[in-house]
Each structure stands twice: as C-alpha cells, then as structure tokens.
Amino acid sequence: SRRRARSAAAAPAAAARALRRVARFVERALPLCRAHTVEFFTRGLWQRLVAPPPDAVLEALRAAGPLARPWRRARAPRRLRAVNDDIFSSAFCENSEKLTNVHLFALAAKYYSLSNLGVCTPLEDVLEALKGDSEGATGIKPDEFMNNKKSHEVQVMSELVDSIANYCGIKQVIDIGSGKGYLSSFLSMQYNLKVYGIDSSSSNTNGAHERNRKLKKHWRAYQSRGKESLKSQSLEMANDRPVEHELNCKKINEELLNNANSLQNQGQVIIQDVVPSCGFTEMTALETNTETEADLVSGTQSHETKLSEEVLAVLNVLPVDAVEDFSSSHCNCGELCEEEKVQRKMISLKTKARKSSESNLYLPLTSCITAETELSDIITDLEDCMMVGLHTCGDLAANTLRIFTAKPEIKAVCSVGCCYHLLSEQFENQEECHDQVWGFPMCQYLKDKGWCCGRNARMSACLALERVAVGQMLPTESLFYRAVLQVIIEEIYGVTKSDRHVGKTFSKSSSFIDYVRRSLKKLELDDSKLPDSCIMDYYEKYKDRMNELEAFNMLKVVLAPCIEVLILLDRLCYLKEQENIAWSGLVKLFDPVKSPRCYAVIALKNQPCS
Ligand SMILES: C[S@@+](CC[C@H](N)C(=O)[O-])C[C@H]1O[C@@H](n2cnc3c(N)ncnc32)[C@H](O)[C@@H]1O
C-alpha cells in the first residue's frame, strides 16, 4: 500500500513544474492582487490596471471564469489541455501590464487551479492507500450531533489522521495550534489516540481545562446515550425508518445543547470564533489602508466565525481528570516558563491518565511554537508521533512542516493552513535579516527567484471564491464607502497614511454621511467644518463607478485560488526537497463552500525496513 500511496502523489518534478507554471502566471497578475481597494479611486486603480470596461469584465468572468460552471471532472476542456502556458501570459499587455483579455485571464485562473494542475491526491486514494487494520472510531459519530463547518472539518480530518497514525504505527498526535481543542478532543475520544494540543493562547487552554472540569459529569451519560443512539440507528436503518432516527438524534442533540447552553449562560465556557478568529482579530488592527481588504475577506467568510453550539456539545465528552491547565499567562516564544513545574505536573497527570478508564486523553498545553521549538521540551513523554494542524495560521503551518522535517521522531504531518496574510515573507522588505526563518517562500525555486507575493496578495489568497461562486455577495458597498472616504481624507485633510483605523464603521452607519463622520472621528480628523452637502458631492461624483470596484474585486476573487496554489505548492515542493520523506501530497479535505481553506499538506517519513 505504500507503493499505492506513493503513486497517488505528485512526483517531485511534477510538483516543481506546476509551481513554476503557476508562478509565471501569478507574476503577471501581481499588480492586480497587490493593489489596495482603499486606494481604488485615489490611485486610479481601474484605469491603471484594467483595459476593458467593468461590465465587460463582469460578463467575461461570469461566462468563462471560475465563477461559471466548473470544468467537468475538474479538468480543462480538451482544446485547452494542449495549450502552451505562454498564451495565458498574453492576457496582460507586455508594456503597460494592464489586463487586456479578461476571457483568457478567467480561463487561466481555472487552468492553474489545484485540481486542474493534477498535483492533488484524492482523499479516497490516500485513505485507501493507508488502509490497515485500523481500530477506528470508538462508536460516537460526530455527524449524529454535529452539522456545521467545524464538525465537517473535524470529522474528515480525524479519520485521515487516524489512518495515518495507524499506517505509521504510532499512537501519539501533537495538534499544533489546537485552539479550543475540537480536533484534539475528537482524535482522543473517538480514535483513542494520545493527543497533546498545543496553543499559544492561554485562554484557549484555560477554557479547555475549565470546560472539561465542568463537563465531567456528562461524560458517562453521554457515552451511554451515544451507544444507545448508535444501536437504535442501526436498527432503524435495518427497518428503514429514517424519521424516527432523526427524532432520536435530535433528542440527544438537544440534550447536549442544553448542557452547553447552560454552561454558556453561566459564563463558564468561553465561546470564541474558531477558524478565522485569529485572522480577523488581526485584521481589525491593520493599518488604515488594509481594512478594506479585510472587509473583502471577512465579507465572504462571516458565518465561519459562528461557533455552533453543536460543536461545543461534542466537548461534553471529555474526561476531566485527564485534562489539566498548563497555561502561562502569555505567549513567550522560545522560553518555557516554569518548565520543571510543568514537567512534574505532566508526569503526575500521565499517571492519572493511565488510570482513567473513561476515555483516552487530550492534554492542552500552552506554548508558542516557532521553527526552533523542541517539542521534547514541552512534551516530556514525546515518542514516535505525528503532527497535525487544523487551520494553523500564517507561519505556524510553515513551522509545523519545518519541525516535522527536522525531527526523526515525528513520523508524519497533516497540516491545513489559513490566514496567509500573516505569513512572514523573506523578500517583502528590503532589510536584510539573515537569521530569520520565514513563512514564505520555503522551497528552493521560489527562494532562488526571490519571489514575493506581498501582503495584499496574500490577503487575496484568503478570499473564498467557492462561496462567491454559489452566490455569497462581496461587500461592494462598504468597500466603495471606504474608497470614497479615502478621497475625502486625502483631498480635504491632506492625509495619505494614518496609524488609526476606521474599523467596522460601515455596519454601524445609517448613511454615507454618517459613515464619513464616524470614520473621521475614529481617524481623529475634525469634521465640524465639513458640510453634509460636501460629503454628498463626493458620493455623487463616484457612485456611478461602483461597478468598477465590483469588477475589480471580482478579478481579485478569481485570482485568489492561484495565489493559494502558489503558497501550497511552495510547501509541497519544500517537502519534496527533503531526503527523509517517503510520501508527500496535497489533499483536498473539506467542502470549500463550508470551509474555504480546505487543502492539507501531508507527508510521511521513510520508515526503517523491519
Ligand atoms: C485558526 S485557529 C485554529 C484552532 C483549531 N486548530 C481549530 O481548528 O479549531 C489557530 C490557532 O493557532 C494558535 N496559534 C497561532 N500561532 C501559534 C503559535 N505560534 N504557537 C501555538 N499556537 C499558535 C492560535 O492561538 C489559534 O488558537
């Protein structure tokens, strides 16, 4: 089966070839995705970067682009398969760098998607190749009581992680950036894996500890009910009585939800947005002219931030004795605070844990992971293990791969990244900083080329094309307000840069005038002498150009997957450059509409012949 797994992955040469092709196209498109929509009017971005009129652009994107029907079986039409990459470069004018042929541009964006490049390994092939005598799940199926983004992610990923762990013959899993511990909990509860969850946020680990303490008493009740539910489910399936089954599941669901709710009401459980939270908290603190890019991203992902009670309910199943809080009050990268104390605590907990017959353990730990982190400093009983990361933001995904390649005891890695705008880029700033480990680029080819995306382009890579394609709207009006505000700020106040932020003013405003006045206050600019009529003049002057902004953002959305492909292929090529890796691949794990950051970078080390 190892041979099978290997044949299912892209060969190193194929991955490198795909990377070079994508890089060539993205390079031509960089001026578009590096542009700030805040500066859309002040810098005349449309006139500078796009030749055709906005309506023609929108029309072409709808007709031919990724917003249109996907290619059947994710492959380009035959006539395009033989196409030379040169043709796509001609979507842009050689001299002016303007986008001239939108039809070609739209085809190119599809052509350079991961599925069309043929470098992804289907999840089923990976699972099939890894198949062994897996013990599998312990009987509680998450989809019985979970039906949302996080449960989708956790369910798919934990099955894969369990298969990899079995294949490698390991029991220990280190969940990097474990957050509230959803994945960790599932891996330990359902697959009896020995899981450590490491997160830099002490409030996350505190939360996990507190929740587990409060919910201990629900464990047995839940477990027996879970089994009951499974029994009745199979009976009902045999009797083909789906309606009753639904009712049965609903009952359990509601009960768990009530528990979760009551805890929330008592304020004992900190409910945090999960996946994009780190990204969005960061985004609100960006410098003024990046706020709109953040809006563009969050506008397509807003419901990601809603953590469902159902997911919370799943955490009810954790045994409490097994979990202790190792949090330090702050993240102090590189230094372990009270290390000895923590280690002693760990040993005592391990002993306790072994005695626990209730379920396997998930141990949340607080530590800030860097490329230099020694896991054995944090986990005293580190053994042969695998690293996993679900939506590890920015450099954390890159560092996970670096730690994996450097440490022989880490046998496998499965990492789904997110928040590409938080990546550190080696070639972004001119200052030399030789000893830093960068999040991008990782592979030799892009390093040799001195490749730089830039923050805005990386921000674009966070956009969710699939969601826009199924009808989710881009926040065009708020972006328009912000772009016109920028004109006012520059023309009336002479300000081009500010350390202050407009933030989420749009949603609080009742009109454009209200928006401008609130924003000026936030920027500490005096609006007392600015009459409403003057504000409205600006609005009137630009309102007919809102379609330019819409078309421009659509171009960015269409390009987003190409930039993500570049970042993911960089990671894959880095793995393929390493000598000790038997298998590495990119695997699409999630439904991108539910979970836009859906690709896992997976690798397995060479194992000594037995
Ligand atoms: C997007 S959240 C994902 C949380 C969790 N894996 C999930 O899917 O629910 C990313 C998490 O990584 C943590 N994190 C970010 N940088 C980190 C670092 N350098 N070391 C450890 N954790 C980090 C954050 O605190 C946050 O909880």
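All of these numbers come straight from a predicted model, not from anything done at the bench.

Each value, and the rule that gives it
- Residues numbered from 1 in each chain as written.
- Predicted model: local features only at pLDDT ≥ 70, side-chain atom pairs only at ≥ 80, totals over all residues.
- Heavy atoms only, no water.
- pLDDT = per-residue confidence, 0-100.
- Contact = heavy atoms within 4.5 Å.
- Pairing = 2+ DSSP bridges.
- Helix = DSSP H or I, 4+ residues; strand = E, 2+ residues; numbered from the N terminus.
- Axes fitted to C-alpha atoms, helices over the stretch in contact; angles between N-to-C directions.
- Left-handed = near helix turned anticlockwise from the far one by under 90°.
- Nonpolar A, V, L, I, M, F, W, Y, C, P; charged D, E, K, R; others polar.
- Core = buried A, V, L, I, M, F, W, Y, C linked by side-chain atoms within 4.5 Å.
- Buried < 20%, exposed > 50% of the residue type's maximum accessible area, 1.4 Å probe, protein only.
- Salt bridge = Lys/Arg side-chain N within 4 Å of Asp/Glu carboxyl O.
- Parallel < 35°, antiparallel > 145°, perpendicular 65-115°, else oblique.
- Phe/Tyr/Trp six-rings, centres within 6.5 Å; stacked < 30°, edge-to-face > 60°.

Break down the confidence of the model for the chain for me, citing the residues and quoting the values.
For the chain, mean pLDDT is 77; residues scoring 70 or higher make up 67% of the total. Between residues 299-336, whose pLDDT stays under 50, and residues either more than four places distant or in other chains, the model counts 132 contacts.

Could you give an account of the sheet that holds strand β7 (residues 599-605), with specific residues and numbers?
The strand order β3-β2-β1-β4-β5-β7-β6 describes an open sheet built from seven strands, whose pairing is mixed. Of all the strands in the sheet, the pair left with one neighbour each is β3 (362-366) and β6 (581-588). Ignoring which end each strand starts from, the neighbouring axes of this sheet average 15° apart. Pairing analysis gives seven bridges linking β6 to β7, with the strands arranged antiparallel. The residue of β7 that forms the bridge with I581 is K605. Strand contacts of helix α20 (residues 395-406): β1 (172-176), β4 (385-393), β5 (410-418), β6 and β7, with the helix running at about 170° to β5, the strand carrying the most contacts.

Please set out the packing of helix α24 (residues 476-493) against helix α28 (residues 546-577) residue by residue, giving values where relevant.
Close contact between α24 and α28 brings their axes to 10 Å; oriented N to C, the two are set at 115°. Judged by the sense of rotation from one axis to the other, the crossing of α24 with α28 is right-handed. Residues T476, E477, L479 and F480 of α24 pack against M546, L549, E550 and N553 of α28. A per-class count over the contact of α24 with α28 returns four nonpolar, two polar and two charged.

Any chance you could break down the environment of L520 for me, citing the residues and the numbers?
Relative to the helices and strands, L520 resides in helix α26 (residues 512-522). In the structure, L520 is positioned 31 residues away from I489 in sequence and 8.2 Å away in space, judged by C-alpha atoms.

Give a description of the nonpolar core that names residues and reports values.
Grouped together as the largest cluster of nonpolar side chains are 159 residues, with contacts concentrated most on F105 and L375. Looking at which element gives the most residues to this core, the answer is α28, with 20 residues.

An account of the pattern of salt bridges is requested, with residue identities and associated values reported.
Here the structure, examined in full by the defined rule, presents 16 salt bridges. With a closest N to O distance of 3.5 Å, R43 and E490 form a salt bridge. Here E490 lies in helix α24 and R43 lies in the loop between α2 (12-34) and α3 (45-49), a separation of 447 residues in the sequence. On the basis of relative accessible area, E490 is assigned to the buried category, the value being 19%. Taken together, the shared-partner salt bridges in this structure form one network comprising K149, K150 and E153.

Now, about the packing of α20 against α28: what can you tell me, with residues and values included?
Two numbers describe how α20 lies on α28: the axes approach to 11 Å, and their chain directions differ by 10°. Considering the angle they form, α20 stands roughly parallel to α28. Contact with α20, carried on its side by A397, L401, R402, F404 and T405, involves R571, Y574 and L575 of α28 and no other residues of that element. Across the contact of α20 with α28, the residue classes break down as five nonpolar, one polar and two charged.

Just give me the short version of the packing of aromatic side chains, but keep the residues and values in it.
Evaluation of the coordinates by the stated rule reveals 19 aromatic pairs. Here the aromatic rings of F25 and F92 are separated by 6.3 Å at their centres, their planes lie at 50°, and the arrangement is tilted. Residue F25 is located in helix α2, and its partner F92 is located in the loop between α6 (86-89) and α7 (102-111); the two are separated by 67 residues in the primary sequence. Each member of the pair, F25 as well as F92, carries the same accessibility label: buried. Seen from their ring centres, F480 and Y539 are 5.9 Å apart, and the 80° between their planes marks the pair as edge-to-face. On the criterion of sequence distance, the pair formed by F480 in helix α24 and Y539 in helix α27 (residues 532-542) is long-range, its members being 59 residues apart.

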